[in-house]
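Topology and contacts: notes
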Amino acid sequence: MGGSFAGRSCLTSGDVPGIAGQTRGFFSVLEGLSRAAETVFGVEHEFIRFPPLMSRRTLNKIGYFRNFPQLLGSVHCFCGDETAHHALVAADSAHWTDGDEPTDLVLTPAACYPLYPALAARGAAPADGYTVQVRSHCFRREPSAEPTRMQSFQMQELVRVGSAEQARTFQAEWVEKGPRFFEALALPCAIVEANDPFFGRASPVLRKGQRAQNLKYELVVEINDNAPPTACMSFNYHMDLFGRTLDLRDVAGEPAHTACTGIGLERTVLGFFRWHGEDLKQWPARVRNLLGLS
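Remember, it's a predicted structure, so these values are computed and weren't measured experimentally.

Rules and cut-offs
- Sequence order sets the numbering: in each chain, residues are counted from 1 along the sequence as written.
- Thresholds applied to this predicted model are a pLDDT of at least 70 for local features of residues and 80 or more for the giving and counting of side-chain atom pairs; totals over whole chains, interfaces and linings are not thresholded and use all residues.
- Side-chain descriptors were evaluated using all non-hydrogen atoms of the structure, hydrogens and water having been removed beforehand.
- A helix here means a DSSP run of H or I that spans at least four residues, while a strand means a run of E at least two residues long, and both kinds are numbered starting from the N terminus.
- When we talk radius of gyration, it's over C-alpha atoms, and the globule rule is simply 2.2 Å times the number of residues to the 0.38.
- Exposure classes here rest on a 1.4 Å probe applied to the protein chains alone. A residue is buried below 20% of its type maximum, exposed above 50%, and partly exposed in between.
- Here, two residues are considered to be in contact whenever any of their heavy atoms come within 4.5 Å of each other.
- Per-residue accessibility takes into account occlusion by the displayed protein chains alone, with areas from the Shrake-Rupley method and a 1.4 Å probe.
- Counted charges follow a simple rule, with Lys and Arg positive, Asp and Glu negative, and His plus the chain ends left uncounted.
- Here the site of a charge means atom NZ of a Lys, CZ of an Arg, CG of an Asp or CD of a Glu.
- Only when DSSP finds a minimum of two bridges between them are two strands counted as paired.
- Structural elements are reduced to axes, namely lines fitted to C-alpha atoms, with helices fitted over the stretch in contact, and the angle between N-to-C directions of any two is expressed from 0 to 180 degrees.
- Pairing of aromatic rings covers Phe, Tyr and Trp, the last counted by its six-membered ring, and requires centre-to-centre distances within 6.5 Å; plane angles under 30 degrees mean stacked, over 60 mean edge-to-face, and any other angle means tilted.
- Convention used here: angles under 35 degrees read as roughly parallel, angles over 145 as roughly antiparallel, angles from 65 to 115 as roughly perpendicular, and any remaining angle as oblique.
- Handedness of a helix crossing follows the sense of rotation of the near helix relative to the far helix, less than a right angle counterclockwise being left-handed and clockwise being right-handed.
- Here the term charged refers only to Asp, Glu, Lys and Arg, the term nonpolar to Ala, Val, Leu, Ile, Met, Phe, Trp, Tyr, Cys and Pro, and the term polar to all other amino acids, Gly among them.
- The span expected for a helix works out to 1.5 Å for each residue beyond the first.
- We define the bend at any residue as the angle between the axes fitted to the seven residues before and including it, ending there, and the seven starting there.

Here's the deal with the overall build of the protein chain
What the protein chain contains, in helices and strands, is 10 helices and 12 strands. In terms of C-alpha radius of gyration, the protein chain reaches 20 Å, essentially the compact-globule figure of 19 Å for 294 residues. Across its three principal axes, the protein chain shows a C-alpha extent of roughly 60 × 55 × 40 Å. The 294 residues of the protein chain split such that 46% are buried. Looking at the protein chain alone, contacts between residues at least 24 apart form 69% of all its contacts between residues at least 6 apart. In the structure as shown, the protein chain presents an accessible area of about 14400 Å², 54% of it carried by carbon and sulfur atoms. Counting 29 positive and 32 negative side-chain charges, the protein chain places the centres of these two groups 4 Å from one another.

Below is the structure:
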């Protein structure tokens, strides 16, 4: 993997860019960070851990392919009979995917996406809306030698569903709370305006509109030497996108508004190694305590 960063020895790279194995030390820090995030987000809130797969239909409804086709991972499977299988193997085993067909599954690109249809199925949201923690393995097709830009990674999010005021207030609150959490972890950070990586001719307009409406902020940390800082948290207001497209309703029966704040777990762990070194025993005591490291 390219780039200069502390923590290289805690990742094991294979033959695919952006896919890495994790040592015991890396994994223990990641799980400690997840527990700390759960506490900061609020253990009183409902917690759901989703698998790394979700409905293709849901992703189509929210327009993911229209806006981010370059990131999408689709699940295809062999759907032929024994004769078709024999023919493929006999022809050339390197082309075994020629018999594959798309399934009704895609790889989850963001931890919160499977939550919205699940909440919509419950009916209209209560008066105070929903506040739910979610965690999932996610996938985005961004092969890179840059260590923080993994194709497969984990996100932990706190999601707010309700009125426009509830969702916007939630975003503003977490733009303030996020840096305080990272200060407790002794990770220097900054908040910046941001936009999603929209694709296609309309992307400049969409990016400009997202920034103009203050729909997305990121918390960034310097991780790689001689490189721009890395986004480790995001604070997003989706307006009523998921309410309209997935029939997610507020207490008044109107399309609900949603917001979320999320932590990139692997990226933040790399931030620990960048700022605290690779010897976990030498990390600041308050950081070790927050992460539950013995």
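Remarks on the environment of L119
On the secondary structure map, L119 appears in helix α5 (residues 115-120). If we ignore the near neighbours within four places in the chain, the residues touching L119 are Y130, V161 and L248.

Details of the sheet that holds strand β6 (residues 100-107)
Spatial ordering of the open sheet is given by β4-β6-β5, a layout of three strands whose pairing is antiparallel. Whereas interior strands pair on both sides, the edge strands pair on one side only; in this sheet they are β4 (53-55) and β5 (74-78). In this sheet, neighbouring strand axes are inclined to one another by 60° on average, regardless of whether the strands run parallel or antiparallel. In the sheet, β4 pairs with β6 via three bridges, with the strands oriented antiparallel. Bridging across to β6, M54 finds its partner in V106.

Some words on the packing of aromatic side chains
As enumerated under the stated definition, the model contains 11 aromatic pairs in all. Here the aromatic rings of F26 and F273 are separated by 6.1 Å at their centres, their planes lie at 25°, and the arrangement is stacked. Of this pair, F26 sits in helix α1 (residues 24-41) while F273 sits in helix α9 (residues 265-276); the two residues are 247 residues apart in sequence, bridging distant segments of the chain. No difference in accessibility class separates F26 from F273, as the two residues are buried.

Comments concerning the sheet that holds strand β9 (residues 190-193)
Pairing in this open sheet of seven strands is mixed, and the strands run β3-β7-β8-β12-β11-β10-β9 from one edge to the other. Only two strands of the sheet have a single partner each, and these edge strands are β3 (46-49) and β9. On average, each strand axis in the sheet is tilted by 20° relative to the strand beside it, whichever way the strands run. Sheet analysis places strand β10 (residues 216-221) next to strand β11 (residues 230-239), joined by six bridges and oriented antiparallel. Within β11, the position partnered with K216 by the bridge is N236. Contacts between α1 and the sheet are confined to β3, β7 (130-139), β8 (152-162) and β12 (257-264), with β8 contributing the most and set at about 5° to the helix. Sheet strands touched by helix α6 (residues 164-184): β8, β9, β10, β11 and β12. Its angle to β11, the strand with the most contacts, is close to 170°.

Remarks on the packing of α1 against α9
The geometry of α1 relative to α9 is characterised by a closest axis approach of 9 Å and an angle of 115° between their N-to-C directions. With respect to α9, the axis of α1 lies roughly perpendicular. The two elements α1 and α9 meet at a crossing, and its hand is right-handed. Within the contact between the two elements, α1 uses F26, V29, L30, L33 and S34 and α9 uses L265, E266, T268, V269, L270, F272 and F273. Residue composition of the contact of α1 with α9, by class: nine nonpolar, two polar and one charged.

Remarks on unusual backbone geometry
The phi dihedral of A186 is positive, around 60°, even though this residue is not glycine. Along the chain, A186 falls in the loop between α6 and β9.

Looking at α6
Relative to the 30 Å expected for 21 residues at 1.5 Å per residue, α6 spans 31 Å between its end C-alpha atoms, a close match to the ideal helical length. Of all the bends in α6, the greatest, near 25°, is centred on V175, and the proline P179 appears no more than four residues after it. Turning to α6, its buried residues number three or more, namely A167, F170, Q171, W174, V175, G178, P179, F181 and F182. Where α6 terminates, the next one or two residues include A186, which has phi positive at roughly 60°.

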